[in-house]
Each structure stands twice: as structure tokens, then as C-alpha cells.
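Understanding the architecture of this molecule
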Amino acid sequence: MLYSPLGRSGIDVSRVCLGSMTWGMQNNQADADEQIAYALDKGVNFIDTAEMYAVPPSPDTYGKTEEIIGNWLARNKSKRDNLVIATKIAGNGLSWVRDGGDISRQAVIDAVDASLKRLQTDVIDLYQLHWPNRTSPHFGKQWPGIVRFSDADTEQNIAGMLDILEGLNDCVKAGKIKHCGLSDDTPWGISQYLRLSEQHNLPRMVSIQNEFSLLHAKDWPYLIEQCIHEGVAYLPWSALGGGMLSGKYLNGNRPEGSRWTLVQRNGLFRDTAQSQQAIANYVDIAKTYNITPAQLALAWCNQVDGVSSTIIGATSMAQLQDNIAAFSIELSEQALTDINDVFKQYPQPF
């Protein structure tokens, strides 16, 4: 296993980050225990979760994943210091989470305390804002005309960011969190948080996790360039496009127990004719090089300049083993050329 710096935190994290959002819905405690044990044996030291998990989010599944990780940590206390545990505070819009309100200084303080209790740990290594208070161009909203940036109240947004940083600072000073990060944010969001932290001597964001894959690479090049020059770790999530790039959903297939058989908040907006065409081509390329389609997609993501650690998730051990093995694969120049030929045809198919 190779490791990369987590921004300017001084922490090195494995190139594989073990995602956990299925634990508590599609996976139970025993499944999670088995996945953690396998990942650690392969050198993974980075686990990502969120107060909102498990998914799909609901009042019944809220906090379940953190509880499962907490149960594991309580039984494996000797391993805690060797792990980087990351979690996230949910943003606005979920009625069962702080009445759907914005992230604020007090919300951060309250959410951190609740996550610490569920995780059964004294400190969170990386505490992230799951999505910004303002509407951002994520989750299928990246197309012109969907988000009107000119309607936003810039000063109000900046004031809200400062309030959040002050809450994070309270938690850092109290020893409850070590480092802070972003999720589902933009270059403007990164810039404002870095400027405010420097201006007011508040915690500096060390990372950002955004959706990034062969089907959704809108962060290249501008956001990733910024991350490199500002020392912010870039952590792709959904590097398999919600499981699509494994090829299992081709031609309308819906394997029993798979994520796409569950209720989706935003519908299956990634499932377009263009996505299906791109995936079919990637599946053919994977066959040419005798690797699985999932390995092709993850190995490609891993070699993108600027990627620090890729968040993976699996509902079965076979999937987890396949995914982790991808990070030992070095794609040849010809393989990358073949992939790029398809990528240029379908740079953003959903």
C-alpha cells in the first residue's frame, strides 16, 4: 500500500480510503468488521464515514454507520492510534437532522459531540462539511442554468463560513477534532475557507472530497490544480460512478441487493444512454487488459495527478478485494490511451 500526505495536516493516509456508507443498511456489523479487518491487513489506515449514513439517508438509518464503527473501535482500542477516522457533518435539507437547518458554529459543536459518542472515540482525525450551506453544482446540478450563482448573497455566505470555522476552532481547541476538510464544494468555497482561516487564525481546510470518476471529472483541471498548489488533499468519492463502472448495471440489470434496487433520493440521474455507452466501452477495454471494469476505473482514478486517496465502498468482500487490488495495478500507456479515447467522447455523460 502506498501513502500520500493528507494536505498540510502532517498525516499520511493510504491511497485507499475505506468508505462505509452501506454499513447499517446493506451491510451489518459483522460485514463491517470483516471489511475493516481485511482493509487494515492490506495497509489501509483511512476510514471515512458521516453522521448522515447509512444510505439512502433516512431518520431510521441516521447515525447507524458511526455506531457500527464505534462498536468496532470499542473492541479494537489498540488499533485506534494507527487509524485516520474521518466523518462529516450533514448540511441543510434533511428534516430529521437539526430540523434541516444550515451548518453553523453551534451545529458543528453539537454534531461533533454526537459523532464522538457514536464513534466511541475521544477525537476525530478529520472532520468534514458534507455539503455547503449554499447550493453548489454537485449531484447533477453542474449544468448551466440549474444553479444561479448571481442570486447568491455573497457576504452572507462568507459570514456563514466564518461562523462555521469558529465552531471548528472551538472543537480543535477542545481536542475533539484534529483537522478539518470540505466535501462537495467548489474552488470558490476552498478559496474563501483558506482566506478566512488565514485572516482570522482559524483551522485550515486540509482536504476536499468530491465526486470524481471516468464518468464525472468536472473537477479536472481547475479544482484539482488549486488543491495541488494550496496543499489541499483531493479525495474522490464515487470513483465507480455509484457502482456503474463495474458494469453490473449495463442493459438495465439490477442485481439483487445492489444499491440501485433501493429508493434513490434524486432518482438514478447518473443512468443515461451516454453513461451506458461509455461504460460498455470501458468494459471492453478492461477485458483487453485482463482486469475487471471496476479495477480499470479505480486504477485510472488513482493515477490522476493530484488525487491523494480514493474513497471506495463495497457491499461484499469479493467487491472489496477486487477494489483494493486495483491500487496495485499500473495502467500501461496504451491502456491509458484507449481509456482517453473513450473519455474524450463521453467526458460528462450525466
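Note: the structure precedes this text.
Residues numbered from 1 in each chain as written. Predicted model: local features only at pLDDT ≥ 70, side-chain atom pairs only at ≥ 80, totals over all residues. Heavy atoms only, no water.

**Side note on the sheet that holds strand E5 (residues 84–89)**
So the rule is basically this: Only when DSSP finds a minimum of two bridges between them are two strands counted as paired. Helix numbers and strand numbers start at the N terminus; a helix is a DSSP run of H or I with at least 4 residues, a strand a run of E with at least 2. For every element, the axis is a line fit to its C-alpha atoms; helices are fit only across the contacting stretch, and the angle between N-to-C directions ranges from 0 to 180 degrees.
On the basis of which strands lie adjacent, the open sheet formed by eight strands has the order E9-E8-E7-E6-E5-E4-E3-E10 and parallel pairing. The open sheet terminates on both sides in strands that have one partner only, identified here as strand E9 (233–237) and strand E10 (310–312). Neighbour-to-neighbour, the strand axes of this sheet turn through a mean angle of 30 degrees, independent of strand direction. As paired elements, strand E7 (residues 177–183) and strand E8 (residues 205–211) share four bridges and run parallel to each other. Considered in E8, the bridge of glycine 181 is made with serine 207.

**What about the packing of aromatic side chains?**
As a reminder, the rule being used: Only Phe, Tyr and Trp rings are paired, with Trp represented by its six-membered ring, and only when their centres lie within 6.5 Å; those with planes under 30 degrees apart are stacked, over 60 edge-to-face, the remainder tilted. Per-residue accessibility, obtained with a 1.4 Å probe over protein chains only, is compared with the maximum for each type, and a residue is labelled buried under 20%, exposed over 50%, and partly exposed between these values.
Scanning the entire structure with this criterion turns up six aromatic pairs. Seen in terms of ring centroids, phenylalanine 269 and phenylalanine 350 are 6.1 Å apart; in terms of plane orientation they differ by 65 degrees. Their pairing is edge-to-face. Linking phenylalanine 269 in the loop between E9 and helix H7 (273–288) with phenylalanine 350 in the segment after helix H10 (333–345), this pair joins segments that are 81 residues apart in sequence. Residue class for phenylalanine 269 comes out partly exposed when judged on its relative accessible area of 22%. Members of the aromatic cluster, connected to one another through ring pairs, are Phe212, Tyr234, Trp300 and Phe343.

**Here we look at the nonpolar core**
Counted only if it meets this: Only buried residues count toward a nonpolar core, which is a set of Ala, Val, Leu, Ile, Met, Phe, Trp, Tyr and Cys residues joined through side-chain atoms within 4.5 Å. In what follows, a contact means two residues having at least one pair of non-hydrogen atoms within 4.5 Å.
In terms of nonpolar packing, the biggest core is built from 90 residues, with Val108, Tyr127, Leu168, Phe212, Tyr282, Trp300 and Leu331 touching the most fellow members. Leave out the neighbours within four places in its chain, and leucine 331 touches Ile291, Leu296, Ala299, Trp300, Leu336 and Ile339.

**Let's talk about the layout of surface pockets**
The condition is simple: A cavity here means a set of 1 Å grid points, computed over protein atoms only, where a 1.4 Å probe fits but cannot escape. A pocket is an open set with protein on both sides within 12 Å along at least 5 of 7 lines, and lining residues have an atom within 4 Å of a point. Grid points are joined across faces, edges and corners, and a volume is the space filled by probe spheres set on the points. Charged residues are taken to be Asp, Glu, Lys and Arg, nonpolar residues to be Ala, Val, Leu, Ile, Met, Phe, Trp, Tyr, Cys and Pro, and polar residues to be all remaining types, Gly included.
Reported here for the second largest pocket is a volume of approximately 480 Å³. Lining of the second largest pocket is provided by 22 residues; of these, Asn133, Arg134, Thr135, Ala152 and Asn157 occupy positions nearest its centre. Only helix H4 (154–173) and helix H5 (187–200) provide two or more residues apiece to the lining of the second largest pocket. Looking at the lining of the second largest pocket, the element that brings in the most residues is H4, giving six residues. Residues that form the lining of the second largest pocket fall into these classes: 10 nonpolar, eight polar and four charged.

**Describing the pairing of E7**
Moving residue by residue along a regular strand, the side chains alternate between the two faces of the sheet. Under the convention used in this document: Handedness of a crossover: with both strands directed away from the viewer, a clockwise path from the first strand across the helix to the second marks it as right-handed.
Here E7 lies mainly inside the structure; six of its seven residues are buried. Relative to E7, strand E6 (residues 124–129) is paired through five bridges, and the arrangement is parallel. If you follow tyrosine 127 over to E7, its bridge partner there is cysteine 180. Viewed along the sheet, the connection from E6 through H4 into E7 turns out right-handed. Each parallel crossover has a hand, and for E7 linked through H5 to E8 it is right-handed.

**With respect to the environment of arginine 118**
Counting through the fold element by element, arginine 118 comes out in helix H3 (residues 105–119). Residue arginine 118 is classed as buried on the basis of its relative accessible area of 15%. Sequence separation between arginine 118 and glutamate 51 is 67 residues, and the spatial gap between their C-alpha atoms is 9.0 Å. Excluding residues that lie within four positions of it along the chain, arginine 118 makes contacts with Glu51, Tyr62, Gly63, Glu66, Glu67 and Gly70.

**Considerations on unusual backbone geometry**
Trans peptide bonds make up the majority, and among non-glycine residues the majority have a negative phi. A cis amide bond links valine 55 to the next residue, proline 56, at an omega of -5 degrees. Mapped onto the secondary structure, proline 56 falls in the loop between strand E4 (46–48) and helix H2 (64–75). With omega at 5 degrees, the peptide bond leading from tryptophan 220 into proline 221 counts as cis. Here proline 221 shows up in the loop between E8 and helix H6 (222–230). Positive phi, normally seen in glycine, also occurs at glutamine 120, with a value near 55 degrees. Along the chain, glutamine 120 turns up in the loop between H3 and E6.

**So, the environment of lysine 88**
Test applied: Between N or O atoms, a polar contact is any pair within 3.5 Å; within protein, one atom must be a potential hydrogen donor and the other a potential acceptor, and residues adjacent in sequence are included only when both atoms are from side chains.
Relative to the helices and strands, lysine 88 is located in strand E5. When the C-alpha atoms of lysine 88 and glycine 100 are compared, they prove to be 15 Å apart, with 12 residues separating the residues in sequence. Non-local contacts of lysine 88, meaning those with residues more than four positions away in its chain, are made with Asp48, Thr49, Ala50, Glu51, Tyr53, Tyr127, Gln128, His130, Ser183 and Gln209. Engagement of the side chain of lysine 88 in a polar contact is seen with the side chain of aspartate 48, the distance being 2.7 Å. Polar contacts involving the side chain of lysine 88 include one to the side chain of tyrosine 53, which spans 3.4 Å.

**Things to note about the pattern of salt bridges**
Basically, it comes down to this: Salt bridges are identified by distance alone: a Lys or Arg side-chain nitrogen within 4 Å of an Asp or Glu carboxyl oxygen.
Applying the stated criterion to the full structure yields 16 salt bridges. Arginine 118 serves as the salt-bridge partner of glutamate 51, at 3.9 Å between the closest nitrogen and oxygen. Taken together, the positions of glutamate 51 in the loop between E4 and H2 and arginine 118 in helix H3 put the pair 67 residues apart, joining distant regions of the chain. The exposure classification of glutamate 51 matches that of arginine 118, with both residues buried. Between arginine 105 and glutamate 166 there is a salt bridge, with its nearest N and O atoms 3.5 Å apart. Pair noted here: arginine 105 is in helix H3 and glutamate 166 is in helix H4, with a separation of 61 residues, a long-range link. Salt bridges sharing common partners tie together Glu51, Glu66, Arg98 and Arg118.

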